[in-house]
Structure formats: C-alpha cells, structure tokens
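# Descriptive structure summary
Spelled out, the chains give:
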Amino acid sequence: MRFESIDEMNSKLIQCTRCSRLVKFRNEVANRRSRFSGEEFWSKPVPGFGSIDSRLLILGLAPAATGGNRTGRVFTGDKSASFLFSCLYEVGLSNRPDSISRDDGLALMDLYITAVLKCVPPGDKPENGELENCREFREYEIESMKNLKVVLALGKIAFDTFRKYEKTKGYDVSDVQFKHGASYSIGNIRFYGSYHPSPRNVNTGRLTRNAFISLLSEIKEEFLSR
Ligand code: SF4
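Residues numbered from 1 in each chain as written. Predicted model: local features only at pLDDT ≥ 70, side-chain atom pairs only at ≥ 80, totals over all residues. Heavy atoms only, no water.

### Some details on the packing of helix α6 (residues 135-144) against helix α7 (residues 156-168)
For clarity, the cut-off: The angle between two axes is taken between their N-to-C directions and runs from 0 to 180 degrees, where each axis is a line fitted to C-alpha atoms and a helix contributes only its stretch in contact. We count a stretch as a helix when DSSP gives it H or I for four or more residues in a row; a strand needs E for two or more, and each element gets its number in order from the N terminus. We call two directions roughly parallel when the angle between them is under 35 degrees, roughly antiparallel when it is over 145, roughly perpendicular when it lies between 65 and 115, and oblique otherwise. Residue contacts are counted whenever heavy atoms from the two residues lie within 4.5 Å of one another.
Between α6 and α7, the least distance of the axes is 12 Å, while the angle of their chain directions is 75°. In this view, α6 runs roughly perpendicular relative to α7, as classed from their interaxial angle. Of α7, the residues touching α6 (which contributes R135, R138, E139, I142 and E143) are T161, F162, Y165 and T168.

Right under this line is the structure:
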C-alpha cells in the first residue's frame, strides 16, 4: 500500500483489520475492564501523535489496553503515560505534565510519539507476524520524518524493531544492542534505548523518575545541537 501523506496513512490505518487476533482483542478488552464500564473505547488502531516534522521520535511498543486503546491517542490515559509525560514536561518536551484524553490540550515540543504496533496485543506480547503486518505504517511514519535526528525506543521490542528497520536500509547494526541509556550512531540518526515506562519497570525501581529525566535531558541536548 502506498500513501500520499500522513493524513491519508492515518485514515487507512484506523480502518485496518489485518491482524485477526488483535482486532478481536482490541474490541474485547473494553468489556473486560469494569473500571471503565459505560465508557466508549476507541478499540481501533492508534495513530502517532505530534508533528511529523519533529527532530525527535519516541517509539513505544503498542497502545495500552486502557490507555491508547481506550482514549484513541498513544500514551494517553494510563500509568505509563502519566510517568512518561511527567518526565517529558520536566525537560520541556511537552506543555503539560500529564496525558489524559484526546482533547486535553496536550502539545509536544519537536517530538513525535508512535508505537511499532498500532493495536493492543494480549499481554503486551505481539507476534512476529503482527509486527510485520504493521510494518508499512510505522516505516511510512519514520520515512516521513524528514528532520529526524534522534530516536528513543522504549523497551526491547521497539528497540529491536527500529534496529531491524535500519539494517534493511543497509546500515551495519551488529553492535547495536538494547541497554538502558546506551546510544548509537546509525547514519545521521542518534539512537537511544530505554526501559519502557510501564508500571512493571517503574514500581520495581528498574526505571526511576530521576534516571529517565536524566536520559531525556541528554537526548534533548543531543537533538538541539544538530
Ligand atoms: S497491528 Fe497494525 S497491521 Fe495489525 S490490525 Fe493493527 S493496524 Fe493493522
């Protein structure tokens, strides 16, 4: 499938039903979450958020069941979003310290956020075929970022997906390995990896607020200097 623009891509994206397991799950999940009973869930593929002309790209794994899959905006309305945006705000990359709903007035500064998989997977575990099915959407997004300087991947799956993408473009990525805080030059891009800001990592202390703010500060300096 070829797209003429990000807007055209997104209009096709939200109608996508290519992964039958994920189509079933993204619809079922609303009925399983009594905390949100009565609320209408988005339950469709979730587009990226922010300006495609940004210099910084943050790549997550997939919409969260009661986050992006509920609200229709990536990293919105769940605990991962609260942690991420409290830190982005701290370093001046967003105008609000939280991300609640699509109409909350949130704006990103020189930053585009998306996920490598556009539909919520059961247990946050995508199958390889699903990541492959979604490839044309995420690669079109990345290729549309003409000013891209720095990429931050949240978690190993997002990291490995971007690494694989760069490999298909002919770059030698044999030394590029996921490690929190490590960064690599791939062509003109500086590529960083971080633990995902999920409750699993935050509540166990694996990812602390100070450590994440410190990494975001380094990243901001990096892309502002380019
Ligand atoms: S994960 Fe991607 S390819 Fe699969 S149904 Fe969702 S949008 Fe389509």
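The rest of the description comes next.
### Comments concerning α7
Using the following cut-off: By this rule, a helix spans an expected 1.5 Å times one less than how many residues it contains. Burial classes follow relative accessibility: with a 1.4 Å probe on protein chains only, a residue under 20% of its type's maximum area counts as buried, one over 50% as exposed, and anything between as partly exposed. Working definition: the arc comes from the directions between the helix axis and the C-beta atoms, pointing outward to the latter.
End to end, α7 covers 18 Å across 13 residues, agreeing with the expected 18 Å (1.5 Å per residue, within 8%). For α7, every residue scored as buried is listed here: A158, F159, T161, F162, Y165 and E166. End-on view of α7: buried residues confined to an arc of 165°, all on one side of the axis. Turned more than 90 degrees away from the buried face of α7 sit K164, K167 and T168, all of them exposed. Looking at the buried residues of α7, the elements they touch are β2 (56-60), α5 (128-133), α6, β4 (150-154), β5 (183-186) and β6 (189-194). Of the residues one or two after α7, G170 is the one with positive phi, at around 100°.

### Looking at the site of the ligand
What counts here: Whether a residue is near a molecule or strand depends on its heavy atoms: if one lies within 4 Å, it is near. Put simply, the grid is 1 Å and covers the protein atoms alone, a cavity is a trapped set of points that fit a 1.4 Å probe, a pocket is an open set with protein on both sides within 12 Å along at least five of seven lines, and lining residues have an atom within 4 Å of a point. What decides whether a molecule sits in a cavity or pocket is whether more than half of its atoms lie within 2 Å of the grid points.
Around the ligand, the neighbouring residues are L13, C16, R18, C19, L22, R26, P45, L117, K118, C119, N133 and C134. Judged by its atoms lying within 2 Å of the grid points, the ligand is housed in the largest cavity.

### Here we look at the packing of aromatic side chains
Centre distance and the angle of the planes are the two values used to describe a pair of aromatic rings. Keep this limit in mind: Two aromatic rings from Phe, Tyr or Trp, using only the six-membered ring of Trp, form a pair when their centres are within 6.5 Å; if the ring planes differ by under 30 degrees the pair is stacked, by over 60 it is edge-to-face, and anything between is tilted.
Summed over all chains, the structure comprises 10 aromatic pairs. Arranged with centres 5.7 Å apart and planes meeting at 40°, the rings of F83 and F212 form a pair that is tilted. With F83 in helix α4 (residues 79-90) and F212 in helix α9 (residues 209-224), this pair connects stretches of sequence that are 129 residues apart. Summarising the burial analysis for this pair, F83 and F212 share the class buried. With a centroid separation of 5.9 Å and an interplanar angle of 50°, the aromatic rings of F162 and Y165 are classed as tilted.

### Points about the nonpolar core
Applicable threshold: Buried Ala, Val, Leu, Ile, Met, Phe, Trp, Tyr and Cys residues form a nonpolar core when they are joined through side-chain atoms within 4.5 Å.
Core analysis: the largest hydrophobic core is formed by 35 residues, its most contacted members being L57, V151, F162 and F191. Looking at this core, the elements that each hand over two or more residues are α1 (6-13), β2, α6, β4, α7, β5 and β6. In this structure F191 touches V151, A153, F159, F162, R163, V176, A182, S183, Y184 and I186, once residues within four positions along its chain are discounted. If you look at the next biggest cluster of nonpolar residues, it comprises 31 residues, including I58, V91, L111 and I113.

### Re the pairing of β5
For clarity, the cut-off: Two strands pair under a simple rule: DSSP has to find at least two bridges between them.
Here β5 shows one buried face, formed by Y184 and I186, and one open face, formed by S183 and S185. Taken together, β5 and the strand that follows it, β6, pair antiparallel across an intervening segment of 2 residues, in which G187 is found at a positive phi of about 60°.

### Details of the environment of R226
Residue placement: R226 occurs in the segment after α9. In the structure, R226 is positioned 78 residues away from L148 in sequence and 10.0 Å away in space, judged by C-alpha atoms. The residues contacting R226, other than those within four sequence positions of it, are R55, K149, N188, I189 and R190.

### Notes on the pattern of salt bridges
Spelled out, the test is: Salt bridges are identified by distance alone: a Lys or Arg side-chain nitrogen within 4 Å of an Asp or Glu carboxyl oxygen.
Per the counting criterion, the structure on display carries 15 salt bridges. Between D110 and R55 there is a salt bridge; the shortest N-O distance is 2.7 Å. In this pair, D110 sits in the loop between α4 and β3 (111-115) while R55 sits in the loop between β1 (49-50) and β2, placing the two residues 55 residues apart along the sequence. By relative accessible area, D110 is classed as partly exposed at 26%.

### Remarks on the layout of surface pockets
How we decide: Grid points are joined across faces, edges and corners, and a volume is the space filled by probe spheres set on the points. Gly falls in the polar group here, along with every residue not listed as nonpolar (Ala, Val, Leu, Ile, Met, Phe, Trp, Tyr, Cys, Pro) or charged (Asp, Glu, Lys, Arg).
Estimated volume of the largest pocket: approximately 860 Å³. If you go around the largest pocket, you meet 37 residues; those closest to its centre are S80, D124, H196, S198 and R200. If you list the elements that add at least two residues to the lining of the largest pocket, you get α3 (68-71), α4, α7 and α8 (199-203). Of the residues that constitute the lining of the largest pocket, the class distribution is 16 nonpolar, 11 polar and 10 charged. The residue makeup of the lining of the second largest pocket, split by class, is 4 nonpolar, 3 polar and 6 charged.

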